[in-house]
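# What the coordinates show
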Amino acid sequence: KALKTTELRRVIVDTTVQEKAITFPTDAKLYHKMRIILVDDAKERGIQLRQSYTRVGKSAFISQGRYANAMQYKRARKMTRKLKTYLGRVKRDIERKITNPDEELLNHLKLTDRILAQKKDSKKKVYSIHALEVECISKGKAHKRYEFGVKTGVTSTHSGNWVVGIRTFPGNPYDGHTLTDCLTQAEKLTGKKINDAYVDLGYRKHGHKGHTNVHIVNNRKMKKLTRHVRGLWKRRAAIEPIIGHLKNDNRMSKNWLKGKDGDMINALLCGSGYNMRKLLSFLFMPIYNVLKRLLFQVLFEYYKVELDLLPLNAV
């Protein structure tokens, strides 16, 4: 009875970024790690390389980080070019000495080609070798300009702050294009039709053609509304602290599960954990209030007796 059926008719929808558990991607890191993987593959298959660049590659990688930290960017770029050269030499050496590579080695060689070919303005870039599904998403935050993970849509009740839908959207689609899928998932999970959905300005031109009335909240138009409608629009901001609790209290800030399926599973588990926390507080809060009242009464009686026993001048 913590969630009323009438609360499911109005929802709030918003998107956030579920970050992957990876280090901040740089070209130097990708070149260095990919070279190490190719050298290990060559050792496993008995391929004798001309040079593995283990010592000089590690030295160049350390120097690149130090130069970048000291804001000596010209020297840092020089070290990055060296790391790229070492990776290309190892790759070409392997291709010369093995004519029919197995599937694992072939995938690593193709991945190396992608890393060597990508530039600053390239699309579908590789940001992590062990998590190829990671995307670079910019949400316009001042403290965190870029986030590396997957876009996640969150649907909550308009009142009560229960999470009734949460899912990931690979490919970094436009927020408005995720609205239909979010509403469909919420209706499927709850079994109730959603009459009204409140969203922010990021959902303009959403193109939703369902039975749900979509209200795009615009602060500039607040003064023209009635008091009741203005209160409904202001409640849209309630989903922001919900997303904060999902990330800080329910482990959605870093996803450690593998692949696109791992992204979806982690998001669903975070939403379920958030609702379980609310349910536990709903069940045990009355008991807590009773115990608190009893404890206060016992302490009050105890100190009252102690004060009565003290002499008048001591009081």
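Thresholds applied
Residues numbered from 1 in each chain as written. Predicted model: local features only at pLDDT ≥ 70, side-chain atom pairs only at ≥ 80, totals over all residues. Heavy atoms only, no water. Axes fitted to C-alpha atoms, helices over the stretch in contact; angles between N-to-C directions. Helix = DSSP H or I, 4+ residues; strand = E, 2+ residues; numbered from the N terminus. Parallel < 35°, antiparallel > 145°, perpendicular 65-115°, else oblique. Left-handed = near helix turned anticlockwise from the far one by under 90°. Contact = heavy atoms within 4.5 Å. Nonpolar A, V, L, I, M, F, W, Y, C, P; charged D, E, K, R; others polar. Phe/Tyr/Trp six-rings, centres within 6.5 Å; stacked < 30°, edge-to-face > 60°. Buried < 20%, exposed > 50% of the residue type's maximum accessible area, 1.4 Å probe, protein only. Lys NZ or Arg CZ within 6 Å of the ring centre and 35° of its normal. Core = buried A, V, L, I, M, F, W, Y, C linked by side-chain atoms within 4.5 Å. Arc of directions from axis to C-beta. Pairing = 2+ DSSP bridges.

## With respect to the packing of helix α1 (residues 27–44) against helix α4 (residues 103–117)
Packing of α1 against α4 leaves a shortest axis separation of 11 Å and a crossing angle of 160°. The orientation of α1 relative to α4 falls into the category roughly antiparallel. Relative to α4, α1 is oriented so that their crossing is left-handed. Every residue of α4 that contacts α1 at L30, Y31, M34, I37, L38 and D41 is listed here: L105, H108, L109, L111, T112, I115 and L116. A per-class count over the contact of α1 with α4 returns 10 nonpolar, two polar and one charged.

## Quick look at the packing of aromatic side chains
Counted according to the given criterion, the structure contains three aromatic pairs. Seen in terms of ring centroids, Y53 and Y86 are 4.8 Å apart; in terms of plane orientation they differ by 15°. Their pairing is stacked. With Y53 in the loop between α1 and α2 (54–69) and Y86 in helix α3 (residues 73–97), the pair connects residues that are 33 residues apart, well separated along the chain. Like Y86, Y53 is buried. Seen from their ring centres, Y127 and F148 are 5.4 Å apart, and the 55° between their planes marks the pair as tilted. Of this pair, Y127 sits in the loop between α4 and β2 (135–137) while F148 sits in strand β3 (residues 147–157), placing them 21 residues apart in sequence. Taken together, F24, Y127 and F148 form an aromatic cluster joined through their ring pairs. A cation over an aromatic ring shows up here: K278 above the ring of W162, its NZ or CZ 5.0 Å from the ring centre.

## Considering the nonpolar core
With 25 residues, the main nonpolar core has M34, L38, L49, V90, I94 and I115 as its most contacted residues. Elements with a minimum of two residues in this core: α1, α3 and α4. Beyond its immediate chain neighbours, meaning those up to four positions away, V90 contacts R35, L38, V39, L49, Q51, S52 and Y53.

## Overview of helix α7 (residues 239–248)
Those residues of α7 not exposed but buried are I239, I242, I243, L246 and K247. The arc that holds every buried residue of α7, seen down its axis, measures 135°, which confines them to one face.

## A look at the side chain of T155
One can find T155 in strand β3. Among the residues examined, T155 registers a relative accessible area of 0% and is labelled buried. Apart from the residues lying within four places of it in its own chain, the contact partners of T155 are V11, I12, V13, W162, V163, V164, G165, C182 and A186.

## Description of the pairing of strand β1 (residues 10–19)
Counting buried positions over the 10 residues of β1 gives nine, a clear majority of the element. Where β1 lies against strand β5 (residues 196–199), three bridges are found, and the strand directions are parallel. Opposite V11, over in β5, you have A197 as the bridge partner. Bridge analysis of β1 against β3 gives nine bridges, and the strand direction is antiparallel. By the bridge assignment for β3, T16 is matched with T152.

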